[in-house]
Amino acid sequence: MKFSINVDHVATLRNARGEVQPDPVTFALMAEQFGVDGIVVHLREDRRHINDRDVRLLRELITTKLDLEMAANDEIIKIACEIQPELATLVPEKRQELTTEGGLNVIDNLDYIKKTILTLHEYEIPVSLFVEPDINQIDAAVEINADIVEIHTGKYANALDEDDMYDELERIRQAAKHAKKLGLGVNAGHGLNYLNIKDFKVIEDIDEVSIGQAVIARAVFVGIEKAVKEMLELVK
Ligand code: PXP
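Residues numbered from 1 in each chain as written. Predicted model: local features only at pLDDT ≥ 70, side-chain atom pairs only at ≥ 80, totals over all residues. Heavy atoms only, no water.

Asks: Would you mind showing me how to read the overall build of the chain here?
Replies: The helix and strand tally for the chain stands at 11 helices and 8 strands. In terms of overall dimensions, the chain is globule-like: its C-alpha atoms have a radius of gyration of 17 Å, near the 18 Å expected for 236 residues. Counting over 236 residues, the chain shows a buried share of 51%. Within the chain, counting contacts between residues at least 6 apart in sequence, those at least 24 apart form 69% of the total. By element, 51% of the accessible surface of the chain is carried by carbon and sulfur atoms, the whole surface being about 11200 Å². Side-chain charges in the chain split into 27 positive and 44 negative, and the spacing between the mean points of these groups amounts to 3 Å. (Helix = DSSP H or I, 4+ residues; strand = E, 2+ residues; numbered from the N terminus. Rg over C-alpha atoms; globule rule 2.2 N^0.38 Å. Buried < 20%, exposed > 50% of the residue type's maximum accessible area, 1.4 Å probe, protein only. Contact = heavy atoms within 4.5 Å. Areas by Shrake-Rupley, 256 points an atom, 1.4 Å probe, with all protein chains shown as cover. Lys, Arg positive; Asp, Glu negative; His and termini not counted. Charge placed at Lys NZ, Arg CZ, Asp CG, Glu CD.)

Asks: Hey, could you run me through the side chain of D67 in this one?
Replies: Here D67 shows up in strand β3 (residues 66-70). No salt bridge forms around the buried D67; measuring N to O, its nearest opposite-charge neighbour K65 is 6.2 Å away. Leave out the neighbours within four places in its chain, and D67 touches I39, V40, V41, L87, A88 and T89. (Salt bridge = Lys/Arg side-chain N within 4 Å of Asp/Glu carboxyl O.)

Asks: When you look at the packing of aromatic side chains in this model, what are you seeing that I'm missing?
Replies: Here the structure, examined in full by the defined rule, presents 1 aromatic pair. Where Y156 meets F200, the ring centres are 5.7 Å apart and the plane angle is 40°; that geometry is what we call tilted. With Y156 in helix α7 (residues 154-158) and F200 in helix α9 (residues 197-200), the pair connects residues that are 44 residues apart, well separated along the chain. On the accessibility criterion, Y156 (1% relative accessible area) is buried. On the accessibility criterion, F200 (0% relative accessible area) is buried. The side chain of R218 reaches across the aromatic face of Y194, ending 5.6 Å from its centre. (Phe/Tyr/Trp six-rings, centres within 6.5 Å; stacked < 30°, edge-to-face > 60°. Lys NZ or Arg CZ within 6 Å of the ring centre and 35° of its normal.)

Asks: Just to check I follow, could you spell out the sheet that holds strand β2 (residues 38-42) for this structure?
Replies: As summarised here, the arrangement of the 8 strands in space is β1-β2-β3-β4-β5-β6-β7-β8, forming a closed barrel in which the pairing is parallel. Averaged over all adjacent pairs, the angle separating strand axes in this sheet is 25°, with direction ignored. Taken together, the 4 bridges between strand β1 (residues 2-6) and strand β8 (residues 208-211) define a ladder with parallel strand orientation. By the bridge assignment for β8, S4 is matched with S210. (Pairing = 2+ DSSP bridges. Axes fitted to C-alpha atoms, helices over the stretch in contact; angles between N-to-C directions.)

Asks: How should unusual backbone geometry be read in this particular structure?
Replies: Among all residues except glycine, the phi angle is most often negative; among peptide bonds, the trans geometry is most common. With omega at -5°, the peptide bond leading from Q21 into P22 counts as cis. Along the chain, the position of P22 falls in the loop between α1 (8-16) and α2 (24-33). Even without being a glycine, Q84 presents a positive backbone phi close to 55°. Positionally, Q84 belongs in the loop between α4 (74-83) and β4 (87-90). One non-glycine residue, E124, lies in the positive phi region at around 60°. With a relative accessible area of 71%, E124 lands in the exposed category.

Laid out in structure tokens, this is it:
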């Protein structure tokens, strides 16, 4: 399993005071030095954390790969086509949410998402769709030519008891297996941390996890090197 780091919340901290530090680009470059497989940022419509300058600098400077998370929104699609990330991950986006709250409803938005995938493919950008571990959503992703699905692990991460946690883990396992069988790449993420990754990483068929909050939170206490290397050791 590969580990890409989401550095959005370094930018959240920077923006809290309207200063230039801590710089998410520097954090990303350091994380690369300590072995992560890729950098993930979500360029939101409201630019609440990552901004255009961050994305452009990351594009120029990182040496692993850039996964640009984005809503299927015209302005952001245009930026993606210019920047040409190694991967565009389409996520739902609501202004009021604290973080991405659920997976994309691919089935109900089939035509629009299909059109967005076509545009990104014209620019040779592979597309991942962030979906719940739901076989029907995965079938819809295949139908409109997505390259990858990122399975939403939020319910697993937030489960209040062990039964719910293992039920959700099983749903994720089945969804990942189904997606793989249909030829999709399979990523996963949201709410994964140093504890819940232990049961999670035994799931076969998941190529890569995208983790942000837990690693950035730990880096505040133990430093970027230790926080990144500890997670790498758990994931690999
Ligand atoms: N994957 C997606 C699609 C996300 O929206 C997020 C949160 O920005 C993550 C992964 C990472 O989640 P976390 O910060 O909880 O590790």
